[in-house]
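Descriptive analysis of the structure
Each chain, written out:
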Amino acid sequence: MSHIRTRFAPSPTGYMHIGNLRTALYTYLLAKHEGGTFILRIEDTDQNRYVEGALDAIFRSLDDCGIIFDEGPGKDGGFGPYVQSERRALYKEYAEKLIELGGAYRDDEAIRQRIPREGETKFTDAVFGEITVPNESASLDEGVLLKSDGLPTYNFANVIDDHLMGITHVVRGSEYLPSTPKYTLLYEAFGWEPPLYIHVSPVMRDATHKLSKRAGDPTYEDLTAQGYLPEAILNYVALVGWSPGGEREFYTLRELTEAFTISGISKSPALFDIVKLNYFNAHYIRELPPEDFAARIASQLPAEYDANAIAALLQSRTEKLTDAKELAAFFEAVPEYSLELYRNKKAKTTPEAALQILVKLSTLLQSLTDWTDEALFTLLSEAEDGFTKNARLWVLRIAISGLAVTPGGATAIAAILGKAETLSRITSAIGRLQNGV
Ligand code: GLU
């Protein structure tokens, strides 16, 4: 196969939508799988849709994900410029040429595509197969190619640029499928070889609706702000509409590059499932080096305790980085809880038993000098108070956290809280149990 050149061609109209990110990823993977060239082209000829800051968002998101372009704005590979508004003169030149070739005509100040009245237009899409459209069909209108202000429409610019940039494979959303016969006619009129088209079906929020920011669906930037890791987003998004075959789920970008094939792309729209993304995210969070995880959540943790120690308890229980604050909130202050929490069938405890256990523990703990998880655990295992170890652990957990379920066991939490705070929490728990409220 000759050298593959692919391009991701976003319009700077806002944020990095998940569907766009997936297109960028597939485009990148396709090129990199074959050792080809991945190009970033900015399609900014529709000035009405231009959003300030959108370019930065594109650069940042791609960079964040490791989708590094080989050619693009600021990285000329001999096919630039890579920003359409800087290519005006080219579009004009080729529009004039197309008039000479019979593929276009002048209409007032604009230039329109000429569609043959008879015959049919055929192209093969790698996902949707061979597509044949009669030239008389309504979808093949003689649309404007070059507007009176000299700016091209998407319909013209994509063909000129893909050709001049030597693009061999075009990956884009299936919303462009119906207009592709028009591009085929343009290639034919110029006598150019068209690229291979790979149209991908949309990413859906439910059975009938595409993901949509307006409907409240998150963009890539929203997801990272919500505590999703780029590698988790990328891994999950790769599998929304593409399958490597088999059961394996976790892939790094490098592994995706090795595994990627066009034949794995699905024709049917694929559902974006946030629950599934949470699962991927939890996996990538668990894989982070502990110090890295701690550094990422440190700002959410109560400053008075050892962030690394709390992080070690949270890491295996965190689905999103932003969960940390809530998961660790009990370190800051014991939440309100019902004394009924002390009643536990398995641990065989009641509020009455809890009171006895805590009074005894309080005395034992006061004389403990080695305030570590291990020493605390030994003390709780061996205390002689007529109750079981599990009963003591249960009761201590409730007294110092106010929660039935905590990240980490009672003694690990007590070790982090320190002696003074642990004893003070036990004392107030004893007070509540004595008063029954
Ligand atoms: N600028 C188009 C978009 O953002 C790109 C379509 C294409 O890849 O050709 O939808």
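Now for a description of the structure that goes with this document. Computed from a predicted model, the values in this text were never measured in an experiment.

Attention now moves to the overall build of the chain. Across its full length, the chain holds 18 helices and 11 strands. Principal-axis analysis of the C-alpha atoms gives the chain an extent of 100 × 40 × 35 Å. Burial statistics for the chain: of 437 residues in total, 50% are counted as buried. Considering only intrachain contacts with a sequence separation of at least 6, the fraction spanning at least 24 residues in the chain is 72%. Computing the positive centroid from 44 side-chain charges and the negative centroid from 60, the chain places the two 4 Å apart.

Turning next to the sheet that holds strand β7 (residues 144–146). Strand order in the open sheet formed by 3 strands is β3-β4-β7, with antiparallel pairing between adjacent strands. On the outer flanks of this sheet lie β3 (104–107) and β7, each paired with one strand and no other. This sheet shows a mean twist of 45 degrees between the axes of neighbouring strands, independent of strand direction. Across 4 bridges, β3 lies against strand β4 (residues 110–113) in antiparallel orientation. In the strand pairing of β4, R106 is matched with I111. Across the face of the sheet, helix α3 (residues 88–101) comes into contact with β3, β4 and β7 while running at roughly 105 degrees to β3.

A few words now on the site of the ligand. Taken together, the neighbourhood of the ligand is formed by R7, A9, P10, S11, E43, Y154, R172 and Y176. For the ligand, a nitrogen atom lies 2.6 Å from a polar atom in the side chain of E43. In this structure, an oxygen atom belonging to the ligand sits 2.8 Å away from a side-chain N or O atom of Y176. For the ligand, whose accessible area on its own is 300 Å², the fraction buried by protein is 85%. Across the shell around the ligand, the residue classes break down as 4 nonpolar, 1 polar and 3 charged.

The next thing to look at is the nonpolar core. In this structure, L25, I67, I265, F331, Y342, L358 and L365 are the most contacted members of the largest nonpolar core, which totals 100 residues. Of the residues forming this core, the biggest block, 9 residues, is contributed by helix α1 (residues 18–33). Ignoring anything within four residues of it in the chain, the contact list for Y342 reads Y337, T349, T350, P351, A354, L358, W394, V395, I398, A399, A429 and L433. Core analysis: the second largest hydrophobic core is formed by 30 residues, L98, F123, L140 and L185 among them.

The N-to-C vectors of α3 and helix α5 (residues 180–190) enclose an angle of 75 degrees; their axes lie 9 Å apart at closest approach. As far as their axial angle goes, α5 and α3 are roughly perpendicular. In contact with Y94, K97, L98 and L101 of α3, α5 contributes L186, A189 and F190. Among the residues making up the contact of α3 with α5, the classes are represented as 6 nonpolar, no polar and 1 charged.

It is worth spelling out the packing of aromatic side chains at this point. Overall, the coordinates contain 20 aromatic pairs when judged by the stated rule. Considering the side-chain rings of Y279 and F280, the 5.7 Å spacing of their centres and the 85 degrees angle between planes classify their relative orientation as edge-to-face. Since its relative accessible area comes to 37%, Y279 is described here as partly exposed. Classification of F280 by relative accessible area gives buried; the value is 1%. Here the aromatic residues Y236, F250, F272, Y279, F280 and Y284 are joined through ring pairs into a cluster of three or more.

This part is about unusual backbone geometry. Residue G80 is joined to P81 through a cis peptide bond whose omega torsion reads -10 degrees. Inspection of the secondary structure puts P81 in the loop between α2 (54–65) and α3. The residue D108 is not glycine, and still its phi comes out positive at about 55 degrees. Look at D108 and you get exposed, because its relative accessible area is 69%.

Our next topic: helix α14 (residues 351–366). Since the α-helix turns once every 3.6 residues, residues separated by three or four places project in the same direction. An ideal rise of 1.5 Å per residue puts 22 Å on 16 residues; α14 measures up with 22 Å between its terminal C-alpha atoms. When α14 is considered as a whole, its buried residues turn out to be P351, A353, A354, I357, L358, L361, S362 and L365. Viewed end-on, α14 has its buried residues packed into an arc of 165 degrees, placing them on one side of the element. Along α14, exposed side chains directed more than 90 degrees from the buried face belong to E352, Q356 and T363. Summarising the contacts, the buried residues of α14 are in contact with α15 (373–382), α16 (389–401) and α18 (419–435).

This next bit is on the pairing of strand β6 (residues 129–134). When strand β5 (residues 120–125) meets β6, the two strands line up antiparallel, connected through 6 bridges. Bridge pairing in β6 links T124 to E130. Counted along the chain from β5 to the antiparallel partner β6, the turn is 3 residues long.

Analysis parameters
- Residues numbered from 1 in each chain as written.
- Predicted model: local features only at pLDDT ≥ 70, side-chain atom pairs only at ≥ 80, totals over all residues.
- Heavy atoms only, no water.
- Helix = DSSP H or I, 4+ residues; strand = E, 2+ residues; numbered from the N terminus.
- Buried < 20%, exposed > 50% of the residue type's maximum accessible area, 1.4 Å probe, protein only.
- Contact = heavy atoms within 4.5 Å.
- Lys, Arg positive; Asp, Glu negative; His and termini not counted.
- Charge placed at Lys NZ, Arg CZ, Asp CG, Glu CD.
- Pairing = 2+ DSSP bridges.
- Axes fitted to C-alpha atoms, helices over the stretch in contact; angles between N-to-C directions.
- Near = heavy atom within 4 Å.
- Polar contact = N/O pair within 3.5 Å; in protein donor to acceptor, adjacent residues only side chain to side chain.
- Areas by Shrake-Rupley, 256 points an atom, 1.4 Å probe, with all protein chains shown as cover.
- Nonpolar A, V, L, I, M, F, W, Y, C, P; charged D, E, K, R; others polar.
- Core = buried A, V, L, I, M, F, W, Y, C linked by side-chain atoms within 4.5 Å.
- Parallel < 35°, antiparallel > 145°, perpendicular 65-115°, else oblique.
- Phe/Tyr/Trp six-rings, centres within 6.5 Å; stacked < 30°, edge-to-face > 60°.
- Expected span 1.5 Å × (residues − 1).
- Arc of directions from axis to C-beta.

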